[in-house]
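Residue-level listing of the chains:
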Amino acid sequence: MLRILYQIFRTGIVTEPLPSETEAEIEIVGARLEKDILKQFQRSLTIRFVDAGSCNGCELEIHALSNPIYNCERFGIHFTASPRFADLLLVTGPVSKNMEIALRRTYNAMPNPKLVVAVGDCGNNGGIFGTSYASLGGVGNIIPVDAYVKGCPPNPADLLNGILKVVSM
Ligand code: SF4
């Protein structure tokens, strides 16, 4: 234990701080999210995330929401592995034919009322992949979508704003 504490003391803080304007934006959107989540979801918004066929660029930004810099848990946002506990479904990618059934099943397994946010230009309309023999295009072609977050990929602040849009509806 002492060895670990010594290592922590010796290493210090190695993460880089956010640029001040991004920090300010996150604080503003985070405060609004916290208020709406407290009012409508009793402090805890649970998200199930599905990659329906993306290039993984959007996933990196979604994962950043949980890192020590953005730390979305402080606003009451949690990710779950089970759709049965989820209030909100976050979907990335054009929907590949192989993921269509899985996406429909995930949506159907969620309790009502359920919210859906499609992430990225691909989630919006298929993006650079469009529609083809392997791609069914945007998420809205398969399940009802409540909000779109555009960008390729959208950054964490855009994602939080997209989530805010649906929780404050
Ligand atoms: S929107 Fe861009 S980053 Fe996201 S899955 Fe499509 S190509 Fe990748």
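A brief structural summary.

1. Some thoughts on the overall build of the protein chain
Working step 1: Within the protein chain, the secondary structure is distributed over 6 helices and 5 strands.
Working step 2: Shown N-terminal to C-terminal, the secondary structure of the protein chain runs as helices and strands in the order α-α-β-α-β-β-α-β-α-β-α.
Working step 3: Buried residues in the protein chain amount to 42% of all 169 residues.
Working step 4: Long-range pairs, those at least 24 residues apart, make up 78% of the contacts in the protein chain with a sequence separation of at least 6.
Working step 5: Approximately 9,600 Å² of the protein chain is accessible, and the part contributed by carbon and sulfur atoms is 55%.
Working step 6: With 15 positive and 16 negative side-chain charges, the protein chain shows a separation of 8 Å between the mean positions of the two kinds.

2. A short note on the sheet that holds strand β5 (residues 147–149)
Working step 1: Spatial ordering of the open sheet is given by β2-β1-β3-β4-β5, a layout of 5 strands whose pairing is parallel. This sheet does not close on itself; its edge strands, each paired only once, are β2 (77–80) and β5. Between one strand and the next, the sheet's axes are offset by a mean angle of 30 degrees, whatever the strand orientation.
Working step 2: With 5 bridges connecting them, strand β3 (residues 88–92) and strand β4 (residues 115–119) associate as parallel partners. When the sheet's bridge partners are listed, Leu90 is paired in β4 with Val117.

3. Re the site of the ligand
Working step 1: The ligand sits among Ser54, Cys55, Gly57, Cys58, Gly120, Asp121, Cys122, Gly151, Cys152 and Pro153.
Working step 2: Mapped by element, the contributors of at least two residues to the shell around the ligand are α3 (57–64) and α5 (120–125).
Working step 3: Sorting elements by how many residues they give to the shell around the ligand places α5 first, with 3 residues.
Working step 4: Classifying every residue of the shell around the ligand by side-chain character gives 5 nonpolar, 4 polar and 1 charged.

4. Structural notes on the side chain of Lys114
Working step 1: With respect to the helices and strands, the residue Lys114 is situated in the loop between α4 (100–109) and β4.
Working step 2: The charged side chain of Lys114 is buried without a salt bridge, its nearest counter-charge being Asp146 at 10.0 Å.
Working step 3: Of note is the side chain of Lys114, whose polar atom sits 2.8 Å from the backbone oxygen of Tyr107.
Working step 4: In terms of polar contacts, Lys114 uses its side chain to reach the backbone carbonyl oxygen of Met110, at 3.3 Å.
Working step 5: The residues contacting Lys114, other than those within four sequence positions of it, are Asp87, Tyr107, Asn108 and Asp146.

5. Side note on the packing of helix α2 (residues 20–41) against helix α6 (residues 156–167)
Two quantities define a packed helix pair, namely the angle between the axes and the distance from one axis to the other.
Working step 1: Where α2 meets α6, the axes come as close as 10 Å, and the angle between the chain directions of the two elements is 30 degrees. When the interaxial angle is binned, α2 and α6 end up roughly parallel. The interaxial crossing formed by α2 with α6 has left-handed handedness. Residues Glu25, Ile26, Val29, Arg32, Leu33, Asp36, Gln40 and Phe41 of α2 lie in contact with α6, whose contacting residues are Ala157, Leu160, Asn161, Ile163, Leu164 and Val167.
Working step 2: Here the contact of α2 with α6 is composed, by residue class, of 9 nonpolar, 2 polar and 3 charged.

6. Quick word on α2
Working step 1: In this model, α2 (22 residues) spans 30 Å end to end at C-alpha, consistent with the 32 Å of a helix rising 1.5 Å per residue.
Working step 2: Looking at the buried side of α2, the elements it contacts are β1 (45–51), β2, β4 and α6.
Working step 3: Just downstream of α2 lies Gln42, where phi reads positive at about 50 degrees.

Reading the values: rules and limits
- Residues numbered from 1 in each chain as written.
- Predicted model: local features only at pLDDT ≥ 70, side-chain atom pairs only at ≥ 80, totals over all residues.
- Heavy atoms only, no water.
- Helix = DSSP H or I, 4+ residues; strand = E, 2+ residues; numbered from the N terminus.
- Buried < 20%, exposed > 50% of the residue type's maximum accessible area, 1.4 Å probe, protein only.
- Contact = heavy atoms within 4.5 Å.
- Areas by Shrake-Rupley, 256 points an atom, 1.4 Å probe, with all protein chains shown as cover.
- Lys, Arg positive; Asp, Glu negative; His and termini not counted.
- Charge placed at Lys NZ, Arg CZ, Asp CG, Glu CD.
- Pairing = 2+ DSSP bridges.
- Axes fitted to C-alpha atoms, helices over the stretch in contact; angles between N-to-C directions.
- Near = heavy atom within 4 Å.
- Nonpolar A, V, L, I, M, F, W, Y, C, P; charged D, E, K, R; others polar.
- Salt bridge = Lys/Arg side-chain N within 4 Å of Asp/Glu carboxyl O.
- Polar contact = N/O pair within 3.5 Å; in protein donor to acceptor, adjacent residues only side chain to side chain.
- Parallel < 35°, antiparallel > 145°, perpendicular 65-115°, else oblique.
- Left-handed = near helix turned anticlockwise from the far one by under 90°.
- Expected span 1.5 Å × (residues − 1).

So yeah, pure geometry; function would need other evidence.
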